[in-house]
Protein chains: 2
Amino acid sequence: MRSHYCGDLRAAHDGEQVTLCGWVHRRRDHGGVIFLDLRDRAGLVQVVFDPDTQDAFARADKVRSEYVVQVQGRVRLRDEAVRNSRMATGDIEVLGTGLTLLNTSETPPFELDERTAAGEEVRLKYRYLDLRRPEVQANFRFRSRLTAAVRRALEAQGFMDVETPILTKATPEGARDYLVPSRTHPGSFFALPQSPQLFKQLLMVAGFDRYYQIAKCFRDEDLRADRQPEFTQIDLEASFVDENDIMAITESMVRDVFAELLNVTLPEFPRMPFSEAMRRFGSDKPDLRIPLELVDIGDLLANVDFKVFSGPANDPAGRVAALRVPGGCEISRKEIDDYTKFVSIYGAKGLAYIKVNDLAAGNDGLQSPILKFLTDDAIQGILERTGAATGDLIFFGADKAKIVNEALGALRIRVGHDRGLVQGDWAPLWVVDFPMFEQDDDGSWAALHHPFTKPSCTPEELVANPGAALSRAYDMVLNGTELGGGSIRIHEPTMQRAVFKALGISDEEAEEKFGFLLDALKFGAPPHGGLAFGLDRMVMLMTGCESIRDVIAFPKTQTAACPLTQAPAEVSSRQLRELGIAVRKGE
Amino acid sequence: MRSHYCGDLRAAHDGEQVTLCGWVHRRRDHGGVIFLDLRDRAGLVQVVFDPDTQDAFARADKVRSEYVVQVQGRVRLRDEAVRNSRMATGDIEVLGTGLTLLNTSETPPFELDERTAAGEEVRLKYRYLDLRRPEVQANFRFRSRLTAAVRRALEAQGFMDVETPILTKATPEGARDYLVPSRTHPGSFFALPQSPQLFKQLLMVAGFDRYYQIAKCFRDEDLRADRQPEFTQIDLEASFVDENDIMAITESMVRDVFAELLNVTLPEFPRMPFSEAMRRFGSDKPDLRIPLELVDIGDLLANVDFKVFSGPANDPAGRVAALRVPGGCEISRKEIDDYTKFVSIYGAKGLAYIKVNDLAAGNDGLQSPILKFLTDDAIQGILERTGAATGDLIFFGADKAKIVNEALGALRIRVGHDRGLVQGDWAPLWVVDFPMFEQDDDGSWAALHHPFTKPSCTPEELVANPGAALSRAYDMVLNGTELGGGSIRIHEPTMQRAVFKALGISDEEAEEKFGFLLDALKFGAPPHGGLAFGLDRMVMLMTGCESIRDVIAFPKTQTAACPLTQAPAEVSSRQLRELGIAVRKGE
């Protein structure tokens, strides 16, 4: 039905007869001539109808925005004076000779040009209109190209695409499962996978050697912080490998796709132990583009007569840290108040600071509400350790380590952006040597990654001192976002049982939940490991979108609903009866 | 951990030091020397340990089947006399110098060599062992390569990979939906998609122009006839196209993958109207490799004094047909009895036949239990119309057309195979001009494809005579299997409403179920159409497997359960409470 895409026409097509199909993006009347901007997936082109072509002119006169038309015409160069350099097709126009109306359109509920005019709810309800916007479509074209590049890169490294089940058993990632009632086994339920973790390990036991999948995963969580009930992972696993192999494979894959899609050569991927990342940046996914660092000063303040500092300084679970902002003396009182509010989101009870107005002037050159609580030695120690210079500002965090890390870690990013300190475009990083477990408030241990991650110690050491055990896990971080994470897995039943034991999982429970994995490890499981990337987040980061919803064709709202299809919806009582379930009333 | 894959070693590697990883496939002691067949994903290689290499020999002595080992050694040519031409690596062996035990294995519950030894239940329970068999792995490698080839072929034609939701609204494909209770909207349910049909149409309305997806689909049906609760479609859709465009695109894709993966140049794809396929082959997916055809003879038998024939011959819903088998006089009485049993599966109440022992001898040359019921004219007419020759056998079907078509259609395939009549390896075909609707027993109309298929008539004609309406649908058939099906879709709200009306769907119901589609059609929907292939079936056909379970990594049983993970399983009452549902007791 078409000879060319609208957006592909260029000066080189001058004189050619073309047939185009698309949507009327805009229609203007000017000097007795009708101008249509015709839009298709490749872009826009201007079509001109003059009254000479009586029939076509009459039809063009009747079309409105978003009508669907087929146009015949001849490409011609525009006059120099009216060339439009902001349009890819701006050197030419099409002189229309025929027009067929393929479909009409009601007036869209929002302008396709202006993003901000319509709220998210209405844009999701009419998602098919929102998706018509060229800049939105570009993101999906990017996503498709990225997926293809990822597949190519992995297949070139011998990875084999294998599909794992969506209807499966509850998996142990810790989040809430989506359940699917079974009709043929009333009272029983499938779970949608939170990841293909156990299946990919089974594929390694099966000798598949190198597996990958672009896999849909599901988590029934409360949708804070830009999450979606279903999301997509680039999931991979390999046998007879160690962490260096997996890091090399995936780093090379990420390098390839950045080079191919963004023409970017990524810099070195440094490796940083988890402990160092927390110490220097308060985060296990530090944004290394921001040259601000946390400095521990607890030892300097353990004996000051100021409980806000000395309390956490003497608490084994506490932390007292400083964050020096070069040139921060410029930060106004009001800005500091804003930052104080900002860190309170993370539980910080305040935000102490010192402005170093004049380092040479001793305490007189310092400006701070807390100066009076500190000894001269402590002040001197802080200035030295942070490397403060005249004009700098030092922020303080003192609380449980978790709160200090989150608050100063986030403040570091915020101040870095506010003050234009961001250096470079892309700062990748491997974070390694994670603790195997973290302790919950009730003293029990939980796996920091998941319980199939291999510890770097022996089973005996693990059980004797779970808190000291490190894991063979690794996270790839880019610009402060975790792109993906993985680990070498446990391949021996004894180690797997030791981890379950440390987690307080009884033999019976282990057998019931993971019996098939424990079985599999008995029959010659090879050493193996892998990694999973969050595809949505990777696309978001690479396209510069603000939300993963911008790179998912039909996303859900914050309450996990779809305004377009009205899902979820009520179903018939017959369906429920067939499934052997009932809806609880009044709950 | 390895320098080469076991299965990749060849005579060209003679003299090289190698490090291999894999499973002990077999271990033999022979003349004081230990032979290990080491297996990895690439294949097997023989490793020899002689007592000179004391340490390695001692370790090799202790390994058993399916132990996981790393081996160092040197490749050497085998003596001419012991070369093994049935093994890809049979010209060489590896002289082992070191062996590291990576994991032990219990004795597997079944031999990995012998397919038939173990039942399906135990093979699915230990699926990771069953998947170790080289011939099974080859199928999955094929599947991965096929998927990659399909993606390449479609992307080269401008198709863009877009993911559509898994948690969505009940779709109208007619089969039973899998439901997912919503926690955030108690009493409401998501449905897993039976296909991405409506989403891909919305993507066309959105101007995506060419979409494809390798998409997981779900149907909660009773698993007769080799179906699975979840299966995979190659799904595609394009805008501004007619049926010839879609057929050309997909035919080219299938040609490409057959050429690339099987080195097969597919013959022409003839097009056959649905009515012709039913008339000649009793099937809408005829296997054209079999040169047997049904011939209508109802008109010849309308007046015979034999109700078995004259009844259906005079019934507008009946059919009387003959199937001539060249040389069929050889078919024994016992074989005919078997065939009679066979057609009874399809509801046929018997299987009449005539053996043409000697055409020249008139009725005396014929052998048949029904001859006495037929007039000479009828007999003569049958012989002429079927083109019978001496030595042929003619089978008869007389019943409701549906039963005759299914019974003789299936018999045609069976006899064709039994008598070695199959011609050629691959016989592709397009079936076109399907009826828009089929009538249920209660007289109501149902869509033969789905209600979004575009009829080839006007909305007025459609409503006036639904039974006469043809659709713009097309099925790709290969060797009697439907590889895929599709259609041009309705893009105008008036036509869509006419189809709903013909189907007896009220405006309210249409609005509730498909309101979002009807809305979308109002805002400038382009002409569009598409097709979906069954990927599992395509892989099965191309690999020569007997069941789609052989090409799905973790399939379900006939009762939709997974013996490996024990899914579906009971869940905690806390989970059910959170979802606002309860299990009905005693039902």
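Residues numbered from 1 in each chain as written. Chains lettered and ligands numbered in written order. Predicted model: local features only at pLDDT ≥ 70, side-chain atom pairs only at ≥ 80, totals over all residues. Heavy atoms only, no water.

An unreviewed UniProt entry annotates chain A as Aspartate--tRNA(Asp/Asn) ligase of Isoalcanivorax pacificus W11-5. Per UniProt, the comment on chain A under Catalytic activity (unreviewed entry) is "tRNA(Asx) + L-aspartate + ATP = L-aspartyl-tRNA(Asx) + AMP + diphosphate". As recorded by UniProt, the Subcellular location (unreviewed entry) comment attached to chain A reads in full: "Cytoplasm". (UniProt positions renumbered as here; feature names shortened; annotations may be inferred.)

**Q** Honestly, the UniProt feature "site: Important for tRNA non-discrimination" (unreviewed entry) in chain A in this entry has me stumped. Any pointers?
**A** Here, UniProt's "site: Important for tRNA non-discrimination" (unreviewed entry) annotation points to H30 of chain A. Take H30 of chain A: it is sitting in strand 1 (residues 17-30). (Helix = DSSP H or I, 4+ residues; strand = E, 2+ residues; numbered from the N terminus.)

**Q** Whenever I open this one, the pairing of strand 22 (residues 528-534) of chain B confuses me. Can you help?
**A** All names here are of chain B. Here strand 22 lies mainly inside the structure; six of its seven residues are buried. Note: strand 10 (residues 230-239) against strand 22, seven bridges, orientation antiparallel. When the sheet's bridge partners are listed, D235 is paired in strand 22 with A532. Here strand 21 (residues 481-488) pairs with strand 22 via five bridges, running antiparallel. If you follow S487 over to strand 22, its bridge partner there is G530. (Buried < 20%, exposed > 50% of the residue type's maximum accessible area, 1.4 Å probe, protein only. Pairing = 2+ DSSP bridges.)

**Q** What is the right way to look at the sheet that holds strand 3 (residues 43-49) of chain B in this model?
**A** The strands that make up a sheet pair up through hydrogen bonds in the backbone, lying either parallel or antiparallel. Residue and element names in this part refer to chain B. The strand order around the closed barrel formed by five strands is 1-2-3-5-4, and the pairing between neighbours is mixed. Neighbouring strand axes in the sheet, compared pairwise and without regard to direction, differ in orientation by 55 degrees on average. Against the sheet, helix 1 (residues 54-62) touches strand 1 (17-30), strand 2 (33-40), strand 3 and strand 5 (92-103), its axis set at about 70 degrees to strand 5. (Axes fitted to C-alpha atoms, helices over the stretch in contact; angles between N-to-C directions. Contact = heavy atoms within 4.5 Å.)

**Q** Even after reading the chapter, I still don't get the packing of aromatic side chains, so can you show me in this structure?
**A** Between two aromatic rings, the relevant description is the distance of the centres plus the angle of the planes. If you walk through the whole model with that rule in mind, you get 38 aromatic pairs over all chains. Between F500 of chain A and F514 of chain A, the aromatic rings sit 5.0 Å apart at their centres with planes inclined by 15 degrees, giving stacked as the arrangement. Of this pair, F500 of chain A sits in helix 14 (residues 493-502) while F514 of chain A sits in helix 15 (residues 507-522), and the two are 14 residues apart along the sequence. Side by side, F500 of chain A and F514 of chain A carry an identical accessibility label, which is buried. Relative to Y128 of chain B, the ring of Y126 of chain B lies with its centre 6.3 Å away and its plane at 80 degrees, an arrangement referred to as edge-to-face. Following the ring pairs from residue to residue traces out a cluster consisting of F306, F309, F373 and F396 of chain A. Above the ring of F342 of chain A, the side-chain terminus of R414 of chain A is found at 5.0 Å from the ring centroid. (Phe/Tyr/Trp six-rings, centres within 6.5 Å; stacked < 30°, edge-to-face > 60°. Lys NZ or Arg CZ within 6 Å of the ring centre and 35° of its normal.)

**Q** Whenever I open this one, the domain arrangement of chain A confuses me. Can you help?
**A** Note: interface size is frequently given as the accessible area lost on complex formation between the parts. On domain assignment, one finds that chain A holds domain 1 (6-103) and domain 2 (292-422). For domain 1 of chain A and domain 2 of chain A, the distance between their C-alpha centroids amounts to 62 Å. (Domains from an automatic or database assignment.)

**Q** Is there a simple way to think about the relation of the copies chain B and chain A in this case?
**A** Applying a rotation about an axis and a shift along it to one chain copy brings it onto the other copy. For the pair chain B and chain A, the relating rotation is 180 degrees, the translation along its axis is 0.0 Å, and the fit reaches an RMSD of 0.1 Å. What the rotation and shift describe, once combined, is the action of a two-fold rotation axis. (Least-squares fit on C-alpha atoms with pLDDT ≥ 70 in both.)

**Q** Looking at this structure, I do not really get the packing of helix 5 (residues 197-205) of chain B against helix 15 (residues 507-522) of chain B. What am I missing?
**A** Angle between the axes and distance between the axes are the two parameters that describe a pair of packed helices. All names here are of chain B. Contact geometry for helix 5 and helix 15: axes closest at 10 Å, N-to-C directions at 20 degrees. Considering the angle they form, helix 5 stands roughly parallel to helix 15. In terms of crossing hand, the pair formed by helix 5 and helix 15 is left-handed. Packed against helix 5, whose contacting residues are L198, Q201, L202 and V205, the element helix 15 presents F514, F516, L517 and A520 at the interface. Here the residues of the contact of helix 5 with helix 15 are counted per class, giving seven nonpolar, one polar and no charged. (Parallel < 35°, antiparallel > 145°, perpendicular 65-115°, else oblique. Left-handed = near helix turned anticlockwise from the far one by under 90°. Nonpolar A, V, L, I, M, F, W, Y, C, P; charged D, E, K, R; others polar.)

**Q** So what exactly am I meant to see when it comes to the side chain of S105 of chain A here?
**A** Mapped onto the secondary structure, S105 of chain A falls in the loop between strand 5 (92-103) and helix 2 (120-125). In this structure S105 of chain A comes out as buried when scored by relative accessible area, which is 10%. Not counting the four nearest positions on each side in its chain, S105 of chain A is found in contact with S65, E66 and Y67 of chain A together with K522, F523 and G524 of chain B.

**Q** I would appreciate a short explanation of the UniProt feature "binding site: L-aspartate" (unreviewed entry) in chain A in the present structure.
**A** All names here are of chain A. Per the UniProt record, the feature "binding site: L-aspartate" (unreviewed entry) sits at E173, R219, H449 and R489. In this structure, H449 sits in the loop between strand 19 (445-447) and helix 13 (459-464). A relative accessible area of 28% means that H449 is categorised as partly exposed. Apart from the residues lying within four places of it in its own chain, the contact partners of H449 are F434, A473, D475 and G486. At a separation of 3.1 Å, a polar atom in the side chain of H449 contacts the side chain of D475. (Polar contact = N/O pair within 3.5 Å; in protein donor to acceptor, adjacent residues only side chain to side chain.)

**Q** Explanation requested: helix 6 (residues 243-262) of chain A in the structure shown.
**A** Because the α-helix completes a turn every 3.6 residues, residues three or four places apart line up on one side. The end-to-end C-alpha distance of helix 6 of chain A is 27 Å, a good match for the 28 Å that 20 residues give at a rise of 1.5 Å each. Residues of helix 6 of chain A that are buried include every one of E243, I246, M247, I249, T250, E251, M253, V254, V257, F258 and L261 of chain A, and no others. (Expected span 1.5 Å × (residues − 1).)

**Q** So what exactly am I meant to see when it comes to the interface of chain B and chain A here?
**A** Each partner contributes to the interface: chain B provides 114 residues, whereas chain A provides 114 residues. Summing both sides of the interface, chain B and chain A together bury roughly 10300 Å²; the carbon and sulfur share of this comes to 61%. On inspection of chain B and its partner chain A, the count reaches 12 salt bridges. E163 of chain A is paired through a salt bridge with K216 of chain B; the nearest N and O atoms lie 3.9 Å apart. The interface formed by chain B and chain A holds 67 residue pairs in polar contact (both at pLDDT 80 or more) in total. (Buried area = accessible area lost by both parts, 1.4 Å probe. Salt bridge = Lys/Arg side-chain N within 4 Å of Asp/Glu carboxyl O.)

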